[in-house]
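The primary structure of each chain is shown beneath.
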Amino acid sequence: MRHHPNSDRFHLGFRDSLRVLVPYLRRNFLNQLSGIWFIVAYLIAFQWFVLHLPLVYAAMIATGLLVVCAGLMFFMEGLRLGLMPLGEIFGSYLPRRSPMLVILALAFVLGVGATFAEPAIAVLKAAGAGVRANEAPLLYSLLNDFAGQLVLAVGVGVGVAVALGVLRFFFAWPLKYLAMPIAGLLLVLTWLYSRNPVLSDVLALAWDCGAVTTGPVTVPLVLALGIGVCRVVSSGSGSGGHSGFGIVTLASLFPILAVMLLGLLHFVLDDYYGGRYYTGDTVAAQSTMTQEDERLLNVREDPISSDEFARYVASGELPRGYLLGFDGGEVTFEDGRMVLSGSDIVIRKLHQRPLSLVTDQHWDDQVSIAERVWGAALDALRAIVPLCLFLYLVLRLVLRQRLAEGNDVTVGVGFALFGMMLFGLGITLGLTPLGAQLGGNVPLTFATIVPWGLDHAELAMFESPAMGKMLAVAFGFFLGYGATLAEPALNALGDTVERITVGAFRKRLLMQSVAVGVGLGIAAGVIKLAYDVPLVWLLLPAYSVVLVLTWLSPHSFVNFGWDSAGVTTGPITVPLVLAMGLGIGGSVPGVTDGFGVLALASVGPILTVLTVGLYTHYQEQQSLSRQRAAERYEDDPIVGGVEVSG
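The notes below deal with the structure included here. (Residues numbered from 1 in each chain as written. Predicted model: local features only at pLDDT ≥ 70, side-chain atom pairs only at ≥ 80, totals over all residues. Heavy atoms only, no water.)

### Re the overall build of the protein
Our working rule: Helix and strand definitions here come from DSSP, where helices need a minimum of 4 consecutive H or I residues and strands a minimum of 2 consecutive E residues; each element is numbered from the N-terminal end. Relative accessibility decides the category of a residue: with a 1.4 Å probe and only protein chains considered, values under 20% of the type maximum give buried, values over 50% give exposed, and everything between is partly exposed. Per-residue and other accessible areas follow the Shrake-Rupley method at a 1.4 Å probe size, with only the shown protein chains counted as cover for residues.
Within the protein, the regular secondary structure consists of 22 helices and 7 strands. Per-residue burial over the protein gives 51% buried out of 646 residues. For the protein, the accessible surface area stands at approximately 30200 Å², while carbon and sulfur atoms represent 62% of it.

### What to know about the pattern of salt bridges
The line we're drawing: Criterion for a salt bridge: a side-chain nitrogen of Lys or Arg within 4 Å of a carboxyl oxygen of Asp or Glu.
The tally for this structure, following the rule as stated, stands at 2 salt bridges. Ionic pairing is found between Arg 382 and Asp 379, a salt bridge with its closest N-O pair at 2.6 Å. With Arg 382 and Asp 379 both in helix α14 (residues 369–398) and 3 residues apart, the pair spans about one turn of that helix.

### Digging into the packing of aromatic side chains
Selection rule: Ring pairs shown here join Phe, Tyr and Trp side chains whose ring centres sit within 6.5 Å, with only the six-membered ring taken for Trp; geometry is labelled stacked below 30 degrees between planes, edge-to-face above 60, and tilted in between.
On inspection of all chains with the given rule, the structure shows 16 aromatic pairs. With a centroid separation of 5.5 Å and an interplanar angle of 80°, the aromatic rings of Tyr 273 and Tyr 278 are classed as edge-to-face. Its relative accessible area of 13% is what places Tyr 273 among the buried residues. For Tyr 278, a relative accessible area of 15% corresponds to the buried category. Taking 5.2 Å as the distance between ring centres and 50° as the angle between the ring planes, the aromatic pair formed by Phe 557 and Phe 560 counts as tilted. Within this pair, Phe 557 and its partner Phe 560 are both found in helix α20 (residues 555–563), separated by 3 residues, close to a single helical turn. A relative accessible area of 6% places Phe 557 in the buried class. Aromatic rings pair up to connect Trp 37, Phe 38, Tyr 42, Phe 46 and Phe 475 into one cluster.

### A short note on the nonpolar core
For soluble globular proteins, the rule of thumb is that nonpolar side chains tend to be buried together. For clarity, the threshold we go by: In plain words, nonpolar cores are sets of buried Ala, Val, Leu, Ile, Met, Phe, Trp, Tyr and Cys residues tied together by side-chain atoms within 4.5 Å. In what follows, residue pairs with any heavy atoms lying within 4.5 Å of each other are defined as contacts.
Within the largest apolar cluster, 187 residues are counted, with the highest numbers of intra-cluster contacts made by Trp 207 and Trp 562. Residue contributions to this core peak at 19 residues, all from helix α3 (residues 58–97). Excluding anything up to four places from it in sequence, Trp 207 contacts Leu 186, Leu 187, Thr 190, Ile 256, Met 260, Leu 535, Leu 539, Tyr 543 and Ala 599.

### As for the environment of Leu 51
You can see Leu 51 is positioned in the loop between α2 (37–50) and α3. In this structure the C-alpha to C-alpha distance between Leu 51 and Met 461, which are 410 residues apart in sequence, comes to 7.8 Å. Once you skip the residues sitting within four places of it in the chain, Leu 51 turns out to touch Phe 46, Asn 441, Val 442, Leu 444, Thr 445 and Met 461.

### A closer look at the environment of Gly 280
Take Gly 280: it is sitting in the loop between α11 (247–269) and α12 (282–297). The exposure class of Gly 280 is partly exposed, given its relative accessible area of 31%. Taking C-alpha positions, Gly 280 is 9.1 Å from Asn 144, a pair spaced 136 residues apart along the chain.

### Examining the packing of helix α8 (residues 176–194) against α11
In plain terms, the rule: Axis definition: a line fitted to C-alpha atoms, limited for helices to the stretch in contact. Angles are taken between N-to-C directions and run from 0 to 180 degrees. An angle counts as roughly parallel when it lies under 35 degrees, as roughly antiparallel when it exceeds 145, as roughly perpendicular when it falls between 65 and 115, and as oblique in every other case. A clockwise turn of the near helix away from the far one marks a right-handed crossing, whereas an anticlockwise turn of less than a right angle marks a left-handed crossing. Polar here means any residue other than Ala, Val, Leu, Ile, Met, Phe, Trp, Tyr, Cys and Pro, which are nonpolar, and Asp, Glu, Lys and Arg, which are charged; Gly is therefore polar.
For the pair α8 and α11, the least separation of the axes is 10 Å and the interaxial angle reads 30°. Classed by the angle they form, the pair α8 and α11 counts as roughly parallel. In terms of crossing hand, the pair formed by α8 and α11 is left-handed. For the pair α8 and α11, the contacting residues are Leu 178, Ala 179, Ile 182, Leu 185, Leu 186, Leu 189, Thr 190 and Tyr 193 in the first and Thr 249, Leu 250, Leu 253, Phe 254, Ile 256, Leu 257, Met 260, Leu 261 and Leu 264 in the second. Of the residues belonging to the contact of α8 with α11, the class tally is 15 nonpolar, 2 polar and no charged.

### Points about unusual backbone geometry
A positive phi angle, near 60°, is found at Tyr 57, a position not held by glycine. Despite not being glycine, Asp 270 shows a phi value in the positive range, around 60°. Within the secondary structure, Asp 270 is located in the loop between α11 and α12.

### A few points about the pairing of strand β5 (residues 330–334)
Note the cut-off: Following DSSP output, two strands are said to pair if at least two bridges run between them.
Sheet topology note: the β5/strand β6 (residues 337–341) ladder contains 5 bridges and is antiparallel. By the bridge assignment, Glu 334 is partnered in β6 with Arg 337. Between the antiparallel neighbours β5 and β6 lie 2 residues, among them Asp 335 with a positive phi of about 50°.

Right, dumping it as structure tokens:
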């Protein structure tokens, strides 16, 4: 380490720099790893010890997960050094130096730009690969032919939400008076869309888009703007110090409406797959819809040994792993029975694979690292650079502000770019294959399927489908419960709520309420997919109860109750749950898609937190009433004491 004579700065050598950086990087890397290890370990353990299936592409998934942690480490550090300082200056000076219309316009653009920078948006873009065009034509077109319009619609929805959130801060509108009409409108549209077989396919995607938007970029930036507005207009009823809440809620509701309207637009234009004015690639769509059928044809059989034949002749019972079939002949229906005449009975033995933890396929040969790195780099540039450029131009041209001397904004933007590139690469290598693999294999508990990445069918774990589906639902609950408790944002929310409610709603109680709500939501999502239940049957009752609880709850409880859904949509949870849902949907016969799990995982915590909050508020009011009654009793000279006369 050397000191420059005419400077207050010290110059560190290479070894000294490593001594400073290595512990810092190791600590940050382990922090990201601590938020992901539980959910990954849970998924792999369920595959190994419950489903008894090997992990396919183990080396590629492990590499991808490590790259995800490294990407999040750089991205979050870049967010802290680069984007957040720009956002804080934006939020602090904009309300003081600009008229209302300018503030709303810039807030709208900020919301759109932040949405494009969300890491989970990349997952949304890739979600259309497994949708069968002939079964869900409008959904297929939205995810493939109109993917750019879909992301733009989500961004516009967030932009409108941020602008409305700023208006709410200015006029101190209580959140419940905004959330209830918007949610009510969405429920009405959901019911109307469910009556149309084409539009109904879009519902699950639209509601899932509301969960994708509230991630690590959007939330800090829009909150910085909201807090800046609150400092300028820090008065008004209904806010009372809770005005920082609510903007996340709006940012998760309006994208749902935007996607619904986009679907309605293309339905009216009749330019989706199969429509009169469709101009997309029909060949690619047909290959997508037959991909699963082609995979199911590759079923392996094992030869039956003479000993197995002898055991069958002696017992007359067909053991598990054998399939009974018929070749040739004629089938007739007589007296409520199906009668086969002149048929040959054929018994086949399904391939019995040896038990192993991983397969011999450690890496997907079709994955080109160079192409994936280049694609992830382009996505990072398109997401980060326009947002940073917008913030900087507003800072210099509108607010007339300069960055402070010695700031690290440039370094932060570089970290954010590098981190987002690594994160996108890690998603394609690790998170998406892991989630899709688990999702594709979970139906093995109740159905005979070809497991993900294997080339042979395996029988369902339980002869009773109901038992297998109960196990799949339990898997979904504990996945949501454990993954939510591992979210770092939940700890921060718990501290804030306990401080706001002066200990009435304790941190541990809130964390448990949110985790149980997410667990119930994901379990409901598995029920939707396992039993092919229309999403409207689950969403309408849940949100109807939420609206009643919202009306009955105090304003402060409504604020953090609705925002609690935002902690369920972390950068790790969204890709995994989305990929898992799509995997389940692709393996269960008759299911069109796997969307809807995120939507139910978002409404679950709102329902549980408002329920527990209302009960806590009731208990607090009862305790206060008893305390006041006791005070009146002590102060009454006749009832509470001895009357003094003369």
